[in-house]
Amino acid sequence: MYKRQVRKERHGLRCYGHLGTGNYHPKTAQLYTDVGLLTSDPDITRDMVSLFNFLTGLSATQEYTALLIAPFAMRTKFNQLIDREVELARRGLPARIIAKINSLEDRDITERLYAASQAGVQITLIVRGFCCLRPGVPGLSENIRVISIVGRFLEHSRIFHFGAGQEDPTDGDWYISSADWMYRNLSNRVEVAAPVRDKDARERLNRIINVHMADQRCAWDLRPQGSYTRRQPTADLDPDSPGAAGTFETLMCDASTP
């Protein structure tokens, strides 16, 4: 979901926009986890104005500078980003893909992820709901792992990271989106993915991903045969670590810290 606002400021008109991974419903906001981006980035806000004009019938524009808009260009851009990671892996450079989504069903994306795994791309998928990809299958998906987090809140944020050949994750490409990797989201709906360019915001997204991956309390690992195994805390696990506290307790503490 997204909102925009134009303000008259000292140096003229300035456009602000908010893009979120869920909705603005006051009740579901208490049950879902989402992330949002408040920005005055002119590339993003200009695209938001164009999208609003398209949705209201005032414009037929379907080309955007910063935002990935489905069903026009989001699928193509995701395909390009996956293919780029494949090429980086073949050149011996750091290559990784991280996606935090509700569901993974799209066949084309799934096949591209299999191909990326075979090329050596390290892939982590945090998929709360159903997943039509099987990780860890020899010769097919050995470099893919799938985690599901089930706990106090409904995991609803969609976060995408592509390594771009960089060792530091915050130097790669980050997007937040309203879209899952499902055919209906990529091909049959108007959905938005926004780039996250601010370094501090990227670090926060990376923190969210790291907490999910470390979780030993609410996490389930998808096995090659399609079953899930719940993680069990190890005896030497630090009781104050994110793994012991779990995703939700850890991130709520993060949010309450000044």
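This text follows the structure it describes.
Note that the structure is a prediction, hence the values are computed from the model and not measured.

1. Some remarks on the layout of surface pockets
Item 1. In this structure, the largest pocket occupies an estimated 750 Å³ of space.
Item 2. Taken together, 27 residues form the lining of the largest pocket, with Asp 34, Val 35, Arg 204, Ile 208 and Leu 251 sitting closest to its centre.
Item 3. Those elements giving two or more residues to the lining of the largest pocket turn out to be strand E3 (32–33), strand E4 (36–39), helix H5 (199–214) and helix H7 (247–256).
Item 4. Residue composition of the lining of the largest pocket, grouped by class: 15 nonpolar, six polar and six charged.

2. Digging into the pattern of salt bridges
Item 1. Summed over all chains, the structure comprises 17 salt bridges.
Item 2. Of the charged contacts, one joins Lys 100 and Glu 155 as a salt bridge, the two residues approaching to 2.7 Å between their closest N and O atoms. Taken together, the positions of Lys 100 in strand E6 (residues 96–101) and Glu 155 in strand E9 (residues 154–155) put the pair 55 residues apart, joining distant regions of the chain.
Item 3. Glu 155 sits in the buried class, given a relative accessible area of 5%.
Item 4. Here Arg 158 ties to Asp 180 by a salt bridge, and the two come within 3.2 Å at their closest N and O atoms. Residue Arg 158 is located in strand E10 (residues 158–162), and its partner Asp 180 is located in the loop between strand E11 (173–177) and helix H4 (183–187); the two are separated by 22 residues in the primary sequence.

3. Looking at the nonpolar core
Item 1. Membership of the largest hydrophobic core comes to 35 residues, with the highest contact counts inside it found for Phe 78, Leu 104, Leu 113, Leu 125, Leu 133 and Trp 181.
Item 2. Contributions of two or more residues to this core are made by strand E5 (68–70), helix H2 (74–90), E6, helix H3 (107–119), strand E7 (122–127), strand E8 (144–149) and E10.
Item 3. Take this core: its biggest share by element is seven residues, from H2.
Item 4. In this structure Leu 125 touches Ala 99, Leu 104, Leu 113, Leu 133, Ile 144, Arg 145, Val 146, Ile 147 and Trp 181, once residues within four positions along its chain are discounted.

4. A look at the packing of H2 against H3
A packed helix pair is summarised by two numbers, namely the angle formed by the two axes and the spacing between the axes.
Item 1. Packing of H2 against H3 leaves a shortest axis separation of 9 Å and a crossing angle of 10 degrees. As far as their axial angle goes, H3 and H2 are roughly parallel. Contacts between H2 and H3 involve Arg 75, Phe 78, Asn 79, Ile 82, Asp 83, Val 86, Ala 89 and Arg 90 from the former and Asp 108, Ile 109, Arg 112, Leu 113, Ala 116 and Ala 119 from the latter.
Item 2. Here the contact of H2 with H3 is composed, by residue class, of eight nonpolar, one polar and five charged.

5. Topic: the packing of aromatic side chains
Item 1. In the structure shown here, the tally under the stated rule is six aromatic pairs.
Item 2. Taken together, a centroid distance of 4.8 Å and an interplanar angle of 45 degrees make the contact between Phe 78 and Phe 160 tilted. Pair noted here: Phe 78 is in helix H2 and Phe 160 is in strand E10, with a separation of 82 residues, a long-range link. Of the two residues, Phe 78 and Phe 160, neither departs from the other in class, the shared state being buried.

6. Some thoughts on the sheet that holds strand E13 (residues 219–222)
Item 1. Strands sit in the order E5-E12-E11-E10-E6-E7-E8-E13-E14 across an open sheet of nine strands; the sheet is mixed. The open sheet is flanked by E5 and strand E14 (228–230), the only strands paired with a single partner. With direction set aside, neighbouring strand axes in the sheet form an average angle of 20 degrees.
Item 2. Here E13 pairs with E14 via three bridges, running antiparallel. Residue pairing in the sheet places Trp 220 in a bridge with Arg 230 of E14.
Item 3. Strand contacts of H2: E5, E6, E10, E11 and strand E12 (191–195), with the helix running at about 40 degrees to E10, the strand carrying the most contacts.

So, how was this worked out
- Residues numbered from 1 in each chain as written.
- Predicted model: local features only at pLDDT ≥ 70, side-chain atom pairs only at ≥ 80, totals over all residues.
- Heavy atoms only, no water.
- 1 Å grid on protein atoms, 1.4 Å probe; cavity = no way out; pocket = protein on both sides within 12 Å on 5 of 7 lines; lining within 4 Å.
- Points joined across faces, edges and corners; volume = space filled by probe spheres on them.
- Helix = DSSP H or I, 4+ residues; strand = E, 2+ residues; numbered from the N terminus.
- Nonpolar A, V, L, I, M, F, W, Y, C, P; charged D, E, K, R; others polar.
- Salt bridge = Lys/Arg side-chain N within 4 Å of Asp/Glu carboxyl O.
- Buried < 20%, exposed > 50% of the residue type's maximum accessible area, 1.4 Å probe, protein only.
- Core = buried A, V, L, I, M, F, W, Y, C linked by side-chain atoms within 4.5 Å.
- Contact = heavy atoms within 4.5 Å.
- Axes fitted to C-alpha atoms, helices over the stretch in contact; angles between N-to-C directions.
- Parallel < 35°, antiparallel > 145°, perpendicular 65-115°, else oblique.
- Phe/Tyr/Trp six-rings, centres within 6.5 Å; stacked < 30°, edge-to-face > 60°.
- Pairing = 2+ DSSP bridges.

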